[in-house]
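# Remarks on the overall topology
Single-letter residue listing:
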Amino acid sequence: MTAPLDASESADRAEPEAITHGVRNTANRSLRQIAWQRFRRDKVALGGGIVVALLVLIALLAPLLTRWFGYPPNEFHQSLIDPLTGGVLRDPSDPMGGLDPMGGISADHLLGLEPVNGRDLFSRIVYGAQISLLVAFGATVLCVVIGTFLGVIAGYFGGWVDAVISRAMDIFLAFPLLLFAIALAGVIPDGAFGLQGNGLRVGVIIFIIGFFNWPYIGRIVRGQTLTLKEREFVEAARSLGASNSYILFRELLPNLVTPILVYSTLLIPTNIIFEASLSFLGVGINPPTPSWGGMLSNSLQYYTTSPHFVIIPGLAIFITVLAFNLLGDGLRDAFDPRSTD
Amino acid sequence: MIAYILRRLGAGALLLVIVTLVTFGIFYVVPRLAGQTTEQLATMYVGRAPTPEAIQATIDRLGLDQPIALQFWEFLKGIFVGAEYQFGRNVVECSAPCFGYSFQNYQEVFPEIVRRLPVTFSLAIGAAVIWLVGGVTVGMVSAIKKGSVFDRIAMGIALAGVSLPVFFTGLLALAFLVHAWGIFPSPGYTPFLNNPVAWATGLVLPWLTLAFLHAAMYARQTRAGMLETMGEDYIRTARAKGLKERTVVFKHGLRPTLTPILTIFGLDLGLVLGGAVLTEQVYSLNGIGRYAVQAIVQSDLPVILGVTLFGAFFVVVCNLIVDLLYAWVDPRVRVAG
């Protein structure tokens, strides 16, 4: 809860001129410039964007961060744990001294310790960000590739092509995705497609999400294509004898980049929650590789003695998802031609 | 109207076949694409002791060495007329609709699903009522009192709500509301007919947990839709001709806002089984979602297959019902198609 607020405060400090600067000069600016002006004035969205950037940085620098501020993510610290309850001891030198209500949060262990094994939570959260963002980005890219391709074709060619693809989109959206994901995770054996362990897991999850969620992008791209293809520049290209593929990829696609970017930002948080759900159910990332959903799954056994073990990975998911939602909402509003300046 | 109903029923039936085909594909074709041999595939269905004889028996029993089309035919036949499985000299019957047979527990899957259905339905229906009524009410009040303290707080909570996974809110509720502060009783399932009060108190937290996420989405949707509607010319006309504000809001403002909400509601109700999986897992409720999750742990593949197929059927039927209701509410749909 604290991080987004902090970030928006720093956003306040970062862009003071955005409020006074360039408010009444909309005469000759492109849609993208107008949108950027609007976005810069949207403090909440800007805050979300900054948090997203920080999270990406954290995920990329995970090995360095854990070396400086933590411990290896799979190193046990069982001397700090109460062997009876599995909770973190208030005072490691006094095994009878009771449990630490803060779960061992200290200068040494910034986010405390995991119950039972006593692994450093800071390191596990930081490494968990890697998996979470990797899966979310990967799945979103796959959704965008499939969705854009089929959406543009459906919108451009119309007729029976459009009918088939549109029906397919309806059908895909009607599938119980989570159940299918559980099923697929159950039937794909280790070593399939030449991938092992978590490489395979990540691949399978990305594939499942991409395969079933592409219609979200597909519908938007189709709708945009339907309006764009009636515009003069497409007409001009066609009268100059441009081929269909030239019009599709050189004329239409560049104009679709913005809506695609906006809606993929809104798809990422959904995908983060989906990966966490699968790991929570035990069909996502395999332990001991840290994942936020996997940690929450473990905390189901220890929430009575170690409530911090619920809060910390949960907050990690919450902050990440919220930041992407704020950024995506802000981008959508900024690019919405109907919204007033 | 009758032509429309027939057309939707036909489309629904087609969708059922497609869904069955996809489910079949996931369980019988995808593993082969992933490089599994017939023997390895049979091992996943064999049950407790995968001896070579048992594996061969499973291959024969399920016809795993037959052409894929024939296997799909057998699979379909099982759903409509039932199937029989050979165990040495014994024959086990899996009566229609045969959603699979757990060779680990020697149980037909469908009756097990039916047995757990009251738990999942109690959870899903209770939550759905809460999120529909709660979400729409909050969204409506927010739209009418746009910019007020209520609006800002409600939309802040709603924004947080769509960013909170069910299992996190559930765990927070367990750790604090139940364990640390003792405000709520331990969640659990008591059949409604045994004790309606215990049924409700045991399900309050699971309902609220599952409903919160959806309620947040509905509140946002309703608010946005309502704001758009209230800006329309006919609302100004309604006010100008001296209608009471209440009539304007409920009759002219809310109705067009509700139609898209109802569509989403149909989709969500179909997909609620997915959310129910997570809620049941957090609160240890023995519904069909937990049945599937436990089957993963025991790698009891037929159970996962059965629940997946059931979930897919459920989605199709829910969407069909909503389509028909929609045509009833909005006559334009019937003509368009």
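Everything numeric in this text was worked out from a predicted model, so none of it was measured.

### Remarks on the packing of helix α7 (residues 159-173) of chain A against helix α9 (residues 197-228) of chain A
Residue and element names in this part refer to chain A. Following both chains from N to C, one finds α7 and α9 inclined at 135°, their axes separated by 8 Å at the closest point. Overall, the two elements α7 and α9 adopt an arrangement that is oblique. Seen from above, α7 lies across α9 with left-handed handedness. Where α7 approaches α9, its residues D162, S166, M169, D170, F172 and L173 are matched on the opposing element by F211, F212, W214, P215, Y216, G218, R219 and R222. Across the contact of α7 with α9, the residue classes tally to eight nonpolar, two polar and four charged.

### With respect to the interface of chain B and chain A
Chain B puts 47 residues into the contact, and the matching count from chain A is 42 residues. With both chains or domains summed, chain B and chain A bury close to 3900 Å², and 83% of this area falls on carbon and sulfur atoms. Considering only the side of chain B, the residues that lose the most area to chain A are F167, F168 and L171 of chain B, jointly responsible for 15% of the buried surface there. The interface formed by chain B and chain A includes one salt bridge. The salt bridge partner of R220 of chain B is D329 of chain A, with a shortest N-O separation of 2.9 Å.

### Examining the confidence of the model for chain B
Residue and element names in this part refer to chain B. Of all residues in chain B, 97% have pLDDT values of 70 or greater, and the mean over the chain is 84. Put simply, helix α13 (residues 331-336) is where chain B has its lowest mean pLDDT, 65, and helix α5 (residues 109-144) is where it has its highest, 91. Under the prediction, the complex receives an ipTM of 0.86, its pTM being 0.86.

How each quantity is defined
- Residues numbered from 1 in each chain as written.
- Chains lettered and ligands numbered in written order.
- Predicted model: local features only at pLDDT ≥ 70, side-chain atom pairs only at ≥ 80, totals over all residues.
- Heavy atoms only, no water.
- Axes fitted to C-alpha atoms, helices over the stretch in contact; angles between N-to-C directions.
- Helix = DSSP H or I, 4+ residues; strand = E, 2+ residues; numbered from the N terminus.
- Parallel < 35°, antiparallel > 145°, perpendicular 65-115°, else oblique.
- Left-handed = near helix turned anticlockwise from the far one by under 90°.
- Contact = heavy atoms within 4.5 Å.
- Nonpolar A, V, L, I, M, F, W, Y, C, P; charged D, E, K, R; others polar.
- Buried area = accessible area lost by both parts, 1.4 Å probe.
- Salt bridge = Lys/Arg side-chain N within 4 Å of Asp/Glu carboxyl O.
- pLDDT = per-residue confidence, 0-100.

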